[in-house]
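Here is how the chains run, residue by residue.
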Amino acid sequence: PEVSAFPPHHTTFRDGLASITTIVFGYVGHIVFFEFIHSMKKPKEFKKALVAAQTFAISAYTVVGYLVYHVAGIYAQSPALLNLSPDSLFGILGWLFLLPNLLVGDAIDANVLCHNIIRSVGEITWWNRFLGKLNAQHPSQTHIEDEPPALAPAMNGNANGIHD
């Protein structure tokens, strides 16, 4: 198959824009990074997790992109699974592999959305006045000062109460 780093001459503006937005929307989920950092017990560890996740993602995108363009050439379709016959073993396995990934990604996005809605509803004064104070904090947001004195040493990870 013919492989090229440049689009074919008959590519329209719409096709080119669709290609660019595919890349942009592929990374739009990075906006939830701030929510992940906010929910982490050790936010300083986020940099390591980010490097590991991005190394894996970029490696996977590169390998899959290379394989798809090696097989389909400039006639590759998006998403790449459209290049596989739906009746073939690889086509069926590809779609079966995609489904759990979509469900997990949607569950993570729904979780972040619900956290933000609960946090926002908790800040509405009329809601608090009529229904009482809503505690809309994530468990990782509880501070040791908010805990009873008997639990404070255990919250520090030091059960005997001796501070370093």
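Because the structure is a prediction, the values reported are computed rather than measured.

On to the overall build of the protein chain, then. When its secondary structure is counted, the protein chain shows six helices and zero strands. Reading the helices (α) and strands (β) of the protein chain from amino to carboxyl end gives α-α-α-α-α-α. Scored against the burial criterion, the 164 residues of the protein chain give a buried share of 12%. Of the contacts formed within the protein chain by residues at least 6 apart in sequence, a portion of 41% connects residues at least 24 apart. Accessible surface, the protein chain: about 13,500 Å² in total, of which carbon and sulfur atoms supply 70%.

Aromatic ring pairs are defined here through the distance separating the ring centres and the angle between the ring planes. Under the definition given, this model contains one aromatic pair. Here Phe33 and Phe46 contribute two aromatic rings whose centre-to-centre distance is 5.5 Å and whose plane-to-plane angle is 70 degrees, an arrangement assigned as edge-to-face. Taken together, the residues span a long stretch of sequence, with Phe33 in helix α2 (residues 33–39) and Phe46 in helix α3 (residues 46–72) at a distance of 13 residues. With relative accessibility at 19%, the residue Phe33 sits in the buried group.

We now examine the environment of Ser4. Along the polypeptide, Ser4 turns up in the segment before α1 (13–26). In this structure, the C-alpha to C-alpha distance between Ser4 and Tyr69, residues 65 residues apart in sequence, is 9.2 Å.

On to the pattern of salt bridges. Considering all chains together, one arrives at one salt bridge under this definition. Between Glu45 and Lys48 there is a salt bridge; the shortest N-O distance is 2.9 Å. Given a relative accessible area of 35%, Glu45 falls into the partly exposed group. The exposed category is assigned to Lys48, whose relative accessible area is 58%.

Our focus in this paragraph is a nonpolar patch on the surface. Where nonpolar side chains cluster on the molecular surface, the patch consists of Ile20, Val24, Phe25 and Val28 and spans about 410 Å² of accessible area. On the secondary structure map, Phe25 appears in helix α1. Judged by relative accessible area, which is 58%, Phe25 ranks as exposed.

So, about the environment of Ile92. Here Ile92 lies in helix α4 (residues 89–122). As a C-alpha pair, Ile92 and Leu81 span eleven residues in sequence and 9.5 Å in three-dimensional space.

To continue, consider the confidence of the model for the protein chain. Overall, the predicted model of the protein chain reaches an average pLDDT of 76, with 73% of residues at or above 70. Highest mean pLDDT in the protein chain belongs to α3 (88); lowest belongs to helix α6 (residues 152–155) (48). Confidence drops under pLDDT 50 across residues 151–155; counting only partners more than four residues distant or on other chains, this segment forms six contacts.

Moving on to α3. Between its first and last C-alpha, α3 extends 38 Å over 27 residues, near the 39 Å set by a 1.5 Å rise per residue. Residues of α3 that are buried include every one of Phe46, Gln54, Ala57, Val68 and Ala72, and no others. Those residues of α3 hidden inside the fold are in contact with α2. Following α3 by one or two positions, Gly73 adopts a phi angle in the positive range, close to 70 degrees.

Criteria and thresholds
- Residues numbered from 1 in each chain as written.
- Predicted model: local features only at pLDDT ≥ 70, side-chain atom pairs only at ≥ 80, totals over all residues.
- Heavy atoms only, no water.
- Helix = DSSP H or I, 4+ residues; strand = E, 2+ residues; numbered from the N terminus.
- Buried < 20%, exposed > 50% of the residue type's maximum accessible area, 1.4 Å probe, protein only.
- Contact = heavy atoms within 4.5 Å.
- Areas by Shrake-Rupley, 256 points an atom, 1.4 Å probe, with all protein chains shown as cover.
- Phe/Tyr/Trp six-rings, centres within 6.5 Å; stacked < 30°, edge-to-face > 60°.
- Salt bridge = Lys/Arg side-chain N within 4 Å of Asp/Glu carboxyl O.
- Patch = residues over 30% accessible without salt bridge, like charges linked within 9 Å, V, L, I, M, F, W, Y side chains within 5 Å.
- pLDDT = per-residue confidence, 0-100.
- Expected span 1.5 Å × (residues − 1).

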